[in-house]
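Structural overview for review
The residues making up each chain are set out below.
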Amino acid sequence: MTDAVAHDAAASILFSSGKLLALAAVADAAVALLDDHRLVRTLPAYRAALIHLLRPFPSIGLPLLEQFAKLGRRRQR
């Protein structure tokens, strides 16, 4: 799924994790959403927790997001 955006610098955040998610894991999560009240799910789950913790503190969260993107750009190459 990431092959289509592998050349796009704006997609670098997708590559910031230690490993890419398996297609089956993403498909299972998408199917599980059909029976759930949530409209959105973040994979891996720890990223959602990090987002919620940092939401009230944009002066911390935005630079951290840029660091994730920087890491993703390195791994994207």
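Refer to the structure above for everything that follows.
Remember, predicted model here, so these are calculated numbers, not experimental data. (Residues numbered from 1 in each chain as written. Predicted model: local features only at pLDDT ≥ 70, side-chain atom pairs only at ≥ 80, totals over all residues. Heavy atoms only, no water.)

A cluster of basic residues, K70, R74, R75 and R77, forms a positive patch on the protein surface. Note that K70 resides in helix 3 (residues 58-76). On the basis of relative accessible area, K70 is assigned to the partly exposed category, the value being 41%. (Patch = residues over 30% accessible without salt bridge, like charges linked within 9 Å, V, L, I, M, F, W, Y side chains within 5 Å. Areas by Shrake-Rupley, 256 points an atom, 1.4 Å probe, with all protein chains shown as cover. Salt bridge = Lys/Arg side-chain N within 4 Å of Asp/Glu carboxyl O. Lys, Arg positive; Asp, Glu negative; His and termini not counted. Charge placed at Lys NZ, Arg CZ, Asp CG, Glu CD. Helix = DSSP H or I, 4+ residues; strand = E, 2+ residues; numbered from the N terminus. Buried < 20%, exposed > 50% of the residue type's maximum accessible area, 1.4 Å probe, protein only.)

L43 connects to P44 through a cis peptide bond whose omega is -10°. For P44, the location among the structural elements is in the loop between helix 1 (23-33) and helix 2 (45-54).

One side chain can pair with another of opposite charge once the charged atoms of both are near each other. Here the structure, examined in full by the defined rule, presents two salt bridges. Here R38 and D36 are joined by a salt bridge, their closest N and O atoms 2.9 Å apart. A relative accessible area of 38% places R38 in the partly exposed class.

Okay, the environment of R41 next. Tracing the backbone through its elements, the reader meets R41 in the loop between helix 1 and helix 2. Once residues lying within four places of it in the same chain are set aside, the contact partners of R41 are A29 and L33. (Contact = heavy atoms within 4.5 Å.)

Okay, the side chain of S16 next. Topologically, S16 is positioned in the segment before helix 1. In terms of polar contacts, S16 uses its side chain to reach the side chain of R47, at 2.9 Å. For S16, the contacting residues outside a window of four places in its chain are R47, F68, L71, G72 and R75. (Polar contact = N/O pair within 3.5 Å; in protein donor to acceptor, adjacent residues only side chain to side chain.)

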